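# Observations on the model geometry
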Amino acid sequence: MANLTLVQAVRDALMTEMALDPTIVLMGEDVGLNGGVFRATEGLQKEFGEERVMDTPLAESGIIGLALGMALNGMRPVPEIQFMDFIYPAFDQIVSEVAKLRYRSGGDFKCPMVIRTPYGGGIKGGHYHSQSTEAYFAHTAGLKVVIPSNPYDTKGLLIAAMRDEDPVLFMEPKRLYRSLKGEVPEEAYTVEIGKAQVVRPGSDVTLIAWGAMVPVCLKAAELCEPRGADCEVIDLRTLVPLDEETILESVRKTGRVVIVHEAQKTCGFGAEISALISEKAILSLEAPIIRVAGLDTPFPYTLEHIYLPDPERVALAVGKVKNF
Amino acid sequence: MTRFFDERGMLLQRQGRIGFYVPSFGQEAIQIGTANALKAGDWVFPSYREPGVFISRGASLFKMLCNLWGNRSDVCKGRQMPNHYSFADLKLFSVSSPISTQVIQAVGASLASKLRKEKDIAITYFGDGGTSENDFHTGLTFAGAMKTPTVFICTNNQFAISVPTSKQTGAARMADKAIGYGMPGIAVDGNDVLAVYKATQEAVDRARNGEGPTLIECVTFRMGPHSSSDDPTRYRDQALYEAWLKRDPIQRFRQYLESKKLWDQKQQDILEKELKATLADAVEKAEAEPAPSIETLFEDVYSEMTPQLLEQKAALEMEQELRGKFENTSEAFPL
Ligand SMILES: Cc1ncc(C[n+]2csc(CCOP(=O)(O)OP(=O)(O)O)c2C)c(N)n1
């Protein structure tokens, strides 16, 4: 066991799996000599050489198109997009190509790859270094979307993603990169993709979150305790495929739900969960489902702490559903 | 002034008074040389590393500093990171973080001038790394095909964060790329302000006379870090850096002026004192400005607020009444 930060767990997962699987190659901007702008690939080029850890030209569509070509020719690429805000030049390659290749070729071709990308706010990144746009990608059939919230899951999910036969978008909450540490086994292990986790059991209200909003919900649950609401917190860990059973089971128990995400509210992934619950568990509901989400505005710089959901805002929403 | 502004920006960041800064050390001759070859009516599409272009065009130092704080008097109302200026009245286009998006946009602006038979041209700036993005290729492809009055300035400072130009392209020179798009490509010494000025002047004249676009590669060296979050010693060859330090464009121009007896130490001292005083004054005023108000979060998303935005604004105001002050838990993070 080692006590690692989340970004160290990313590095550890890459290191561990690359040693086991020689077809894994990393590529991206500044991932080689510089070890990535967040140091997620620190020292990996030294360990595995320039052919397995490649600094590419500055072009995201190029990085993903390149990865697709390599994937169908026997490699396991793990491309990094430096910030999720810069994934859009590659949107066409991801949405039209990577996600659809298996289907459009009738299973003739496949392109397993893990697209790693740091996402989210709370780090004074302003407009273009803070966004959380998982919904665009969850809306794309053929792509899995995985978002860890702690070091243990990060390593296990990333290794599982690298062993998956399908392309995975692996979103790393950069706000948590160094803000929390956790025990991480030294050997390779996997955490199953598509399984949520109840990270805090409770009986009154279900809080559903992923990535950087999980610790926010845990803090909110602490605030709610003395105010008379016992919150259950679910960390989805994977948006696609979604673990419906864990969500529905909790809703059947509590009857009250608050969904929390950083992304703007309209058409955020919270809407999908809310629809799911009303389709499959409406009779269990005791109160309307509330979404605590980012505003329907682009991401601000100076006032980001007001834009982003925080424990107090979540606690206020819990109060509303509890006292409905 | 550009050098002083950058020094001050870095210092403010180190002192924790602003969150982030992108200096342009070593690239001053390119900014000043190109900007001075333009007319007031010309459009400018800069990257985040061109403070000197803004200053040369007469952008208010106070306003630029307000952007570093993202405060109430910041033109973009504290929505962007520092160094993302915008001055529509000076035809200085709003800076975007995503690399090279401005390249094709400059082509569009210059095409509009051409269609209206106006004489204004557009100039756009991007780095060596910027030449790899799609928008660079489409920009030059469209400009070449449509013969737009556009001047493309590639600041080849040898690095895209840590990635050296040798890993960015197989081309010997960025200027060589021009031929494929059907336009002239020129490489100039980017640390020689007069050479940059002359090359830009010629390209601007060509554009204005309807002869089409030009790509100018200004060869220089990034003498500072990529940004206040970067540590260049991780990837930069120290000897190379020291060699380039000796070619400091400001020192070079000063030596040239002194050798022609056009400048001396006394004039330098007076000028430095004056510039520093102006800057200090603007810093003091900018730092005193308060943060933007909460309403600004909802402004400018659309020309008018949608019903959803109005509802979210009302909800936030109610929440504020309940909670009082919002706690600021953001931590500035190395970007
Ligand atoms: C589309 C996009 N991808 C990645 C980044 C992250 N990034 C910011 S600056 C930079 C390097 C830019 O290098 P260059 O174009 O040479 O300009 P310089 O910074 O040297 O002025 C990178 C990769 C970005 N801003 N936008």
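All of these numbers come straight from a predicted model, not from anything done at the bench.

### Observations concerning the domain arrangement of chain B
When its domains are assigned, chain B resolves into domain 1 (2-286) and domain 2 (294-323). The C-alpha centroid of domain 2 of chain B is placed 37 Å from the C-alpha centroid of domain 1 of chain B.

### What about the interface of chain A and chain B?
Contacts between the two partners involve 48 residues from chain A, matched on the other side by 50 residues from chain B. Taking both sides of the interface into account, the surface hidden between chain A and chain B amounts to around 4,300 Å²; carbon and sulfur atoms contribute 59%. Of all residues in chain A, the largest losses of buried area upon contact with chain B belong to A:Leu58, A:Tyr301 and A:His305, amounting jointly to 16% of the total for that side. With a shortest N-O distance of 2.8 Å, A:Arg313 and B:Glu319 are connected by a salt bridge. Looking at the side of chain A that touches chain B residue by residue, the classes come out as 20 nonpolar, 12 polar and 16 charged.

### Overview of the side chain of B:Arg254
Residues and elements named next belong to chain B. Mapped onto the elements, Arg254 comes out in helix H11 (residues 249-259). Owing to a relative accessible area of 16%, Arg254 belongs among the buried residues under this scheme. Residue contacts for Arg254: discarding those within four places in its chain leaves Trp263, Gln265 and Gln268.

### Comments concerning helix H13 (residues 307-323) of chain B
In this model, H13(B) (17 residues) spans 24 Å end to end at C-alpha, consistent with the 24 Å of a helix rising 1.5 Å per residue. Buried residues of H13(B): B:Leu309, B:Gln312, B:Lys313, B:Leu316, B:Glu319 and B:Arg323, and no others. Angular distribution of buried residues about the axis of H13(B) spans 125°; they occupy a single face of the element. Every exposed residue of H13(B) that faces more than 90 degrees away from the buried side is listed here: B:Pro307, B:Glu311, B:Met318, B:Glu321 and B:Leu322. Looking at the packing, one finds that the buried side of H13(B) touches helix H11 (304-307) and helix H12 (311-322) of chain A.

### Considering the site of the ligand
Neighbouring residues of the ligand: 20 residues in total, closest A:Glu60, B:Tyr48, B:Arg49, B:Gly129 and B:Phe159. Near the ligand, residues from chains A and B are present, making the site a shared one. Residue B:Gly129 places a main-chain N or O atom 2.8 Å away from an oxygen atom belonging to the ligand. Protein chains shield 95% of the accessible area of the ligand, which is 580 Å² for the free molecule. Residues that form the shell around the ligand fall into these classes: eight nonpolar, seven polar and five charged.

Conventions adopted
- Residues numbered from 1 in each chain as written.
- Chains lettered and ligands numbered in written order.
- Predicted model: local features only at pLDDT ≥ 70, side-chain atom pairs only at ≥ 80, totals over all residues.
- Heavy atoms only, no water.
- Domains from an automatic or database assignment.
- Contact = heavy atoms within 4.5 Å.
- Buried area = accessible area lost by both parts, 1.4 Å probe.
- Salt bridge = Lys/Arg side-chain N within 4 Å of Asp/Glu carboxyl O.
- Nonpolar A, V, L, I, M, F, W, Y, C, P; charged D, E, K, R; others polar.
- Helix = DSSP H or I, 4+ residues; strand = E, 2+ residues; numbered from the N terminus.
- Buried < 20%, exposed > 50% of the residue type's maximum accessible area, 1.4 Å probe, protein only.
- Expected span 1.5 Å × (residues − 1).
- Arc of directions from axis to C-beta.
- Near = heavy atom within 4 Å.
- Polar contact = N/O pair within 3.5 Å; in protein donor to acceptor, adjacent residues only side chain to side chain.
- Areas by Shrake-Rupley, 256 points an atom, 1.4 Å probe, with all protein chains shown as cover.

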